[in-house]
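The residues making up each chain are set out below.
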Amino acid sequence: MLNVLLGLMLSPRGPSYTMVRLVQGMIGDGLDARVFAPVDAWRDTGIATVTGGIGSARIDPRLPYRLFGQLLARRSEKRLLEALEREGGRRDIVFTWGEVSLDVSRALQARGIPVVREKYNCAKRVAKDILDGAYARFGVARNRAISEEMVDKENAELPLADAIFCPSPKVAESLLAIGIAPERLIETSYGWEPARFAGTDKALAPVAGPTLIFVGSVCIRKGAHILLEAWRRANIKGRLVLAGEMEPLIERHFGDVLARDDVLHFPYTDNVGALYRSVDWFIFPTLEEGSPLVTYEAAACGLPLLVSPMGAGPLARDGIEGVILDSDDPQRWAELIATLPDRGRERAEFAQAAQTRSLEFTYDKVGARRRAQLLERFGSA
């Protein structure tokens, strides 16, 4: 039995969405699964779910999760341990997603239960160093997303896991950099859901020149500052589309670029596929990632990829599905953007290669590969 311990609310978006799609693909051929979550705001995943609510009742997800999240998370951890105790004869694997307590990690190790950790971003030590350096350029002493306490907790927690899923080469590289033994790492990926991108509708009319799209939080972490400065310098005829919530720091420093007629910003869209089908290139100079879903999705929609190594994940290969530019220098990205009007034939070749390669990364295929990796390492449930 694969017991998924989710350290965040179960909902049809973000990391918990990715977890559900992967676990759905992992179930079968000797592996069943259930989820232990603080709150279930999805409720139709098809996977047995136990929450941190009172008794057997499910907590109304409209309750302020920020107020009760920690309490409910500890209750769901307790229910996992109780279930494992009751079913002591069964061979179990615990699969942790998100922040779980050190207490539950230590309790699982003491009981000899195999634990597999999902590392959906880089090691916090590595990520913090990257982000602190990037924010310092804007006069911000340190980013608030990752504290030293969070780093210390993860450094104590990671050695308690028997194996760690690394969904991209950069995640694995970050774990090796902090001293995690390579034999404990399981190389894998994330994926995409074909049903989510069915259709032929387009959100935008064509314009003269290439249209580029960036999808995700428009923030420092994802390299939005690099892209906007590069667009300013490239000075080409075309259009830049940004889809995602914008960090105030970006708005303050790049208001002039954002106000231009050749820049469009969509804070939210419920049909990102229609945006992808309206553009010519996907561009993503992100500084720190796990394995960005937007790269898989853009490739699936037939877009050539202009990405940083963090943005490439395990899908993009330099010169095949697009261009991987290993630089945070806006000038180098500007020079790359300036070449795009003359790369029509190459664009078509990249687009075809990206779409073909994306077919190996659908969630059902990725889940089946993960199931095989778990059974090979830990045996049948």
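The coordinates are above.
Conventions we followed
- Along each chain, numbering runs from 1 in the same order as the chain's sequence is written.
- This being a predicted model, a pLDDT of at least 70 is required before a residue's local features are given, and a value of 80 or more before pairs of side-chain atoms are given or counted; all residues contribute to the totals for chains, interfaces and linings.
- Derived side-chain values reflect all non-hydrogen atoms in the structure, with water molecules and hydrogen atoms excluded from consideration.
- Throughout this description, the term nonpolar core refers to a set of buried Ala, Val, Leu, Ile, Met, Phe, Trp, Tyr and Cys residues connected via side-chain atoms within 4.5 Å.
- Burial classes follow relative accessibility: with a 1.4 Å probe on protein chains only, a residue under 20% of its type's maximum area counts as buried, one over 50% as exposed, and anything between as partly exposed.
- Think of it this way: any DSSP run of H or I at least four residues long counts as a helix, any run of E at least two long counts as a strand, and we number them from the N terminus.
- Whether two residues are in contact is decided by their heavy atoms: any pair within 4.5 Å suffices.
- Criterion used throughout: strands pair if DSSP finds at least two bridges between them.
- For the handedness criterion, the strands are oriented away from the viewer, and a crossover whose path from the first strand over the helix to the second runs clockwise is classed as right-handed.

Asker: So what's going on with the nonpolar core? Which residues, and what values?
Answerer: One finds Tyr276 and Phe282 to be the most contacted residues of the largest nonpolar core, which totals 95 residues. With seven residues, helix α7 (residues 224-234) is the single largest residue contributor to this core. In this structure Phe282 touches Ile213, Val215, Tyr276, Val294, Thr295, Ala298, Leu303, Pro304, Leu305, Leu306 and Val307, once residues within four positions along its chain are discounted.

Asker: Quick one: what's the story with unusual backbone geometry, residue by residue and with numbers?
Answerer: Phi at Arg43 is positive, roughly 75°, even though this residue is not glycine. In this structure, Arg43 sits in the loop between β2 (33-37) and β3 (48-51). Using a relative accessible area of 42% as the deciding quantity, one classes Arg43 as partly exposed.

Asker: How would you summarise the pairing of strand β11 (residues 281-284) if you had to cite specific residues and measurements?
Answerer: Residues of β11 alternate between two faces, with Trp281 and Ile283 on one and Phe282 and Phe284 on the opposite face, all of them buried. Alignment of strand β8 (residues 211-215) against β11, held across two bridges, turns out to be parallel. What sits directly across from Leu212, in β11, is Trp281. Of the pairings in the sheet, the one linking β11 to strand β12 (residues 305-307) comprises three bridges and is parallel in character. Considered in β12, the bridge of Phe284 is made with Val307. Viewed along the sheet, the connection from β11 through helix α11 (residues 293-300) into β12 turns out right-handed.

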